[in-house]
Amino acid sequence: VASPPWWTSATVYQIYPRSFADSDGDGLGDLGGILGKLDYLADLGVDVVWLSPVYRSPQDDNGYDISDYEHVDPMFGTDAQLDAIIAGLHERGIRLVMDLVVNHTSDEHPWFMESRSSRENPKRDWYWWRDQPTDWVSFFSGSTWEYDLATEQYYLHLFSRKQPDLNWENPEVRQAVYAMMRRWLERGVDGFRMDVINLISKVTPLRDAHDDLVAQTFNGPHIHEFLQEMHREVFAGREAALITVGETPGVTIEEARLYTDPARAEVDMVFQFEHVDLDSGPNGKWDVIPLELPRLKANLAAWQDGLADVGWNSLYWDNHDQPRAVSRFGDDDPAWRERSAKTLATVLHLHRGTPYVYQGEELGMTNAPIAGIDDVRDIESINYYREAADAGVQPAQVLHGIRAKGRDNARTPVQWDASRHAGFTTGEPWIAVNPNHIEINAATQADDPDSVLAHYKRLITLRHNNSTVALGRFELLLADHPTVWAFTRTRGDDQLLVLANLSRVPIELADFGAAGPFEGWAGAEVLSTTETDGGMPSPALPAAAGHLAS
Ligand code: ISL
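Residues numbered from 1 in each chain as written. Predicted model: local features only at pLDDT ≥ 70, side-chain atom pairs only at ≥ 80, totals over all residues.

- The name an unreviewed UniProt entry assigns to the protein chain is Oligo-1,6-glucosidase, from the organism Nostocoides vanveenii.

Focus: the packing of helix H12 (residues 379-390) against helix H13 (residues 395-405)
Reasoning step 1: One way to put it is that H12 packs onto H13 with a least axis distance of 10 Å and a crossing angle of 155°. Here H12 lies roughly antiparallel to H13, going by the angle between them. You can see that H12 and H13 cross each other, and the crossing is right-handed. In contact with Ser381, Tyr385, Ala388 and Ala389 of H12, H13 contributes Pro395, Val398 and Ile402.
Reasoning step 2: Residues belonging to the contact of H12 with H13 are distributed by class as follows: 6 nonpolar, 1 polar and no charged. (Axes fitted to C-alpha atoms, helices over the stretch in contact; angles between N-to-C directions. Helix = DSSP H or I, 4+ residues; strand = E, 2+ residues; numbered from the N terminus. Parallel < 35°, antiparallel > 145°, perpendicular 65-115°, else oblique. Left-handed = near helix turned anticlockwise from the far one by under 90°. Contact = placed C-beta atoms within 7 Å. Nonpolar A, V, L, I, M, F, W, Y, C, P; charged D, E, K, R; others polar.)

Re the nonpolar core
Reasoning step 1: Formed by 117 residues in total, the largest nonpolar core has its most connected members in Val49, Leu96, Val97, Leu344 and Val498.
Reasoning step 2: Among the elements that take part in this core, helix H15 (residues 452-465) stands out by supplying 6 residues, more than any other.
Reasoning step 3: There are two domains that each give this core at least three residues, and those are domain 1 (110-156) and domain 2 (472-549).
Reasoning step 4: Grouped together as the second largest cluster of nonpolar side chains are 7 residues, Trp286, Val376, Tyr384 and Leu399 included. (Core = buried A, V, L, I, M, F, W, Y, C linked by C-beta atoms within 7 Å. Buried ≥ 20, exposed ≤ 12 C-beta atoms within 10 Å, placed from the backbone. Domains from an automatic or database assignment.)

Details of the sheet that holds strand S6 (residues 129-130)
Reasoning step 1: Taken in spatial order, the 3 strands make up an open sheet running S6-S8-S7, and their pairing is antiparallel. The open sheet is flanked by S6 and strand S7 (145-148), the only strands paired with a single partner.
Reasoning step 2: Of the pairings in the sheet, the one linking S7 to strand S8 (residues 153-156) comprises 4 bridges and is antiparallel in character. Across the sheet, the residue bridging to Trp145 is Leu156, located in S8. (Pairing = 2+ DSSP bridges.)

As for unusual backbone geometry
Reasoning step 1: Put simply, Thr204 and Pro205 share a cis peptide bond, and its omega is -10°.
Reasoning step 2: Positionally, Pro205 belongs in the loop between strand S9 (191-194) and helix H6 (213-217).
Reasoning step 3: Phi is positive for Glu152, which is not a glycine, with a value near 55°.
Reasoning step 4: Along the chain, Glu152 falls in the loop between S7 and S8.
Reasoning step 5: The backbone phi angle of Asp211 is positive, close to 70°, even though this residue is not glycine.
Reasoning step 6: Of note, Asp211 is situated in the loop between S9 and H6.

Quick look at the site of the ligand
Reasoning step 1: Around the ligand, the surrounding shell holds 14 residues, and the nearest of these are Asp61, Tyr64, Phe159, Lys285 and Asp321.
Reasoning step 2: Each residue belonging to the shell around the ligand can be placed in one class, and the counts come to 6 nonpolar, 1 polar and 7 charged. (Near = placed C-beta within 6 Å.)

So, the UniProt feature "domain: Glycosyl hydrolase family 13 catalytic" (unreviewed entry) in the protein chain
Reasoning step 1: Under the feature "domain: Glycosyl hydrolase family 13 catalytic" (unreviewed entry), the UniProt entry names residues 14-411.
Reasoning step 2: Between the C-alpha atoms that bound residues 14-411 the distance is 12 Å, and the span itself is 32% helix and 14% strand. (UniProt positions renumbered as here; feature names shortened; annotations may be inferred.)

Considerations on the environment of Ala179
Reasoning step 1: Mapped onto the secondary structure, Ala179 falls in helix H5 (residues 171-186).
Reasoning step 2: Of the residues examined, Ala179 has 12 C-beta atoms within 10 Å and is grouped as exposed.
Reasoning step 3: The spatial distance from the C-alpha of Ala179 to the C-alpha of Glu233 is 8.5 Å, given a sequence separation of 54 residues.

Observations concerning the sheet that holds S9
Reasoning step 1: The 8 strands are arranged S11-S10-S9-S5-S2-S1-S15-S14 in an open sheet whose pairing can be described as parallel. Sheet topology places strand S11 (269-271) and strand S14 (314-315) at the edges, where each strand pairs with a single neighbour.
Reasoning step 2: In this sheet, strand S2 (residues 48-51) lies alongside strand S1 (residues 12-15) in parallel orientation, the contact comprising 4 bridges. Counterpart to Val12 in the pairing with S2 is Val48.

Description of the pairing of strand S13 (residues 284-288)
Consecutive side chains along a regular strand alternate between the two faces of the sheet.
Reasoning step 1: Relative to S13, strand S12 (residues 280-281) runs antiparallel, the two being bridged by 2 bridges. Residue Gly281 lies in a different strand from S13, and its bridge partner there is Gly284.
Reasoning step 2: In this structure, the hairpin formed by S12 and S13 is closed by a connection of 2 residues.

Considering helix H3 (residues 79-91)
Reasoning step 1: Taking 1.5 Å of rise per residue, 13 residues should cover 18 Å, and H3 covers 18 Å from first to last C-alpha, within 8% of that figure.
Reasoning step 2: Looking at H3, one finds that the buried residues are Leu82, Ile85, Ile86 and Leu89. With its buried residues spanning 95° around the axis, H3 presents them on a single face. Structural note: H3 exposes Ala80 and Glu91 on the side pointing more than 90 degrees away from its buried face. (Expected span 1.5 Å × (residues − 1). Arc of directions from axis to C-beta.)

This is the structure in structure tokens:
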């Protein structure tokens, strides 16, 4: 029997380098900062680091606009420092995943500069050029088409105008990308997180979307063909040592089964977005609606069931594009946030899949206090603010959306200690440090066994050591309960029960009745609780999660 892939018991840690740690005092996080934190990562116990883009870039979208795939941007440091990070992680048994942003490049990438230089240029067809725009609206507001005076045509950019979309229909483009990926593997990286990879195949010829851009640009007709080709050209023969995760907004369970079925040889897992869209109303991301727990539980359970026999889930609460988990799904009131952060962590890490921890999540960091638009740095939020203001929406309403959903919530600097600027930088940080770093920081949590940080360490270790956590079958209990999140994980004779109370109100186990769902668990061994670690669960469900094993 083939043993399960190594990443079934692994946890991935995401570094957003601009906000992680600054070593040279310019206020921007850098590779030197990461080098100084390798022991922190080893101590946390993570198996993989996913590094958001550090390539040369004009930084229009914080590095997701790449002008040179082969070299580190000087603002982050040197190529030699990146090699030192790869070596330093490997020495500590940690793998490195690079961010692969190949749906688009920067408009300052030489490929695009050639493409735009004339209609006859051999690279003209590497991007999408048209005489007439379609009706498509960019993820970052406005048209997806930018008129270029030099050659009197429009080019396509699903994101900012400085992020022109590559034309994956052209085999030369695909081969150039694969060659670049092979060079990174030769340099020692262990896999890729593939940015909006399900957008690379568009329905051709490009046509008006009539408000359904998804139908024209997501999971297009050649997407599986392209990913299988990439697998053959780049991963074949070495896949067992690698980890690949496709970022696939709008993906359904059915599509995810296709992307992640090992027999199809595409990617190991995908990031799906359904659970982070549950608090969006009919008018999209900024239309914030309340999120009831049963909907969230049902959604994660549906993905557990949907990928139970084929494929694999990635598990995440937040990343550099999403609000902070404890502020969004939990309770970031100072009296509750630690218990809430631990509870959310327990629930997520006890699901079946590979958990992703976004920097600072392991400390229980919260959303940014955004006083006004001047505090905002993110191109998506700024463009939205301008567009909404032009349309006559009241600034207070726009800011309400940005406070709840804006990407800068996740981009404030990591809170290392209680000093000025949280130990992130000795200079002026590029974005304000959250003032709550006085209470929430790594230094105060390091030696505290009850800290959020200590709890994350326990969960990461549990996945390493307990194959039921990694592989067990998932079954949701009490699906309709408004505040309790309960489920079992079963593997052979071994069964785990996970119990979490997502409210401030204590709940008595006895309230569920003697013949209720927890019958027979009274004498079970306790693996971990968020209240008193290693102790017996109280008869009242703790305000955080308990975890029992039969
Ligand atoms: O945050 C979003 C806007 O609401 C998402 O739609 C996001 O743009 C989408 O998940 C794609 O994200 C990735 O590609 C973008 C980049 O800005 C994001 O940071 C990246 O994670 C373009 O490269």
